[in-house]
Amino acid sequence: VGVVLALIIGAGLVLTNSGSSPISSMDRLNKRMSSLSLYVEQGRKSARSATLIKVNSDAAILISGDGAALRSATEQAGAAGKSKDVIAEEKLNADTILGELKTASIDGRFDREYITTMREQLESTQTLLAEVNEKSSRPAVKDATKAAYEHFTTIIKSFDTIQL
């Protein structure tokens, strides 16, 4: 009876610990941050509005710094690109978005399309940041996700102020 009880408790602990370390969500987050950097780079190349160029430049700095901090924190927590299907899904999504942005650039409607896309992607990433923050028990991951979430709120507000 004692052995069975110990096995049940051990299994419960394993399930609890695996739930608090969301490796696939962390891998998704790292890939999403990488994708956001690609979008910002496309914005640097194609934006026409002076205000958008400035906001995009500020966003690039924040996204780059947050991406590095998140990558470092999540790698220490065990996320190192092991969730291949999640990463492939994020890459496919990023390729689609980049294609749409490039088309918008050719069509002369880049600035509006870019603002809408970035807002959607930043809000979606904020949801993912909140999920990783909630599920992770690592202080470094919690700090990095909280900081990135706050930075994204600032970036979204900046995009909202742009008048085209």
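Everything below is about the structure printed above this text.
From a predicted model like this one, the values you see are computed outputs, not experimental measurements.

Let us now look at the overall build of the protein. The helix and strand inventory of the protein stands at 6 helices and 0 strands. Counting helices and strands in the order they occur from the N terminus, the protein gives α-α-α-α-α-α. Taken across its 164 residues, the protein has 38% of its residues classed as buried. Considering only contacts in the protein between residues 6 or more positions apart, those separated by 24 or more positions represent 84%.

Attention now goes to the side chain of Asp66. Relative to the elements of secondary structure, Asp66 occurs in helix H3 (residues 50–76). It turns out Asp66 is buried and unbridged, and the closest side chain with the opposite charge, Arg71, is 11 Å from it. Not counting chain neighbours up to four residues away, the residues in contact with Asp66 comprise Met33, Ala147, Ala148, His151 and Phe152.

For any two helices packed against each other, the geometry comes down to the angle between their axes and how far apart the axes lie. Running from N to C, helix H2 (residues 23–46) and helix H5 (residues 110–135) cross one another at 160°; their axes reach a closest spacing of 10 Å. On the basis of the axis angle, H2 is roughly antiparallel to H5. H2 and H5 meet at a crossing whose hand is left-handed. Per-class residue counts for the contact of H2 with H5 are 13 nonpolar, 7 polar and 5 charged.

Close contact between helix H4 (residues 84–107) and H5 brings their axes to 8 Å; oriented N to C, the two are set at 160°. As judged from the angle between their axes, H4 and H5 are roughly antiparallel. Two packed elements cross with a definite hand, and for H4 against H5 that hand is left-handed. On H5, the residues that touch Asn93, Ile97, Leu101, Ala104 and Ser105 of H4 are Phe110, Glu113, Tyr114, Thr117 and Gln121. Split by residue class, the contact of H4 with H5 holds 5 nonpolar, 4 polar and 1 charged.

A few words now on the pattern of salt bridges. In this structure the tally under the stated criterion is 11 salt bridges. In this structure, Asp107 and Arg109 form a salt bridge, with 3.3 Å as the shortest nitrogen-oxygen distance. Relative accessible area serves as the criterion here: at 48%, Asp107 is assigned to the partly exposed category. Since its relative accessible area comes to 39%, Arg109 is described here as partly exposed. Between Glu123 and Arg119 there is a salt bridge whose closest N-O contact spans 2.0 Å. You can see Glu123 and its partner Arg119 sitting in helix H5, 4 residues apart, about one turn around the helix. For Glu123, a relative accessible area of 34% gives the class partly exposed. Beyond isolated ion pairs, a larger network of salt bridges with shared partners links Arg28, Arg32, Glu89 and Glu90.

What counts, and where the lines are drawn
- Here the residue numbers are simple positions, counted from 1 along each chain's written sequence.
- Residue-level local features of this predicted model are given only where pLDDT is at least 70; pairs of side-chain atoms are given and counted only at 80 or more, and the full residue set underlies all totals for whole chains, interfaces and linings.
- To obtain the side-chain values, all non-hydrogen atoms of the structure were used and water was disregarded.
- Secondary structure elements follow DSSP: runs of H or I of four or more residues count as helices, runs of E of two or more count as strands, with numbering from the N terminus.
- The rule is simple: take the accessible area with a 1.4 Å probe, protein chains only, and divide by the maximum for that residue type; under 20% is buried, over 50% is exposed, in between is partly exposed.
- Contacts between residues were defined by any pair of non-hydrogen atoms, one from each residue, lying within 4.5 Å.
- Counting rule applied: Lys, Arg positive; Asp, Glu negative; His and chain ends not counted.
- One speaks of a salt bridge when a side-chain nitrogen belonging to Lys or Arg is within 4 Å of a carboxyl oxygen belonging to Asp or Glu.
- For every element, the axis is a line fit to its C-alpha atoms; helices are fit only across the contacting stretch, and the angle between N-to-C directions ranges from 0 to 180 degrees.
- In these notes the angle categories are as follows: under 35 degrees is roughly parallel, over 145 is roughly antiparallel, 65 to 115 is roughly perpendicular, and the rest is oblique.
- For any helix crossing, the convention is left-handed if the near helix is rotated counterclockwise from the far helix by under a right angle, and right-handed if that rotation is clockwise.
- The nonpolar class holds Ala, Val, Leu, Ile, Met, Phe, Trp, Tyr, Cys and Pro. Asp, Glu, Lys and Arg form the charged class, and all remaining residues, Gly among them, are polar.

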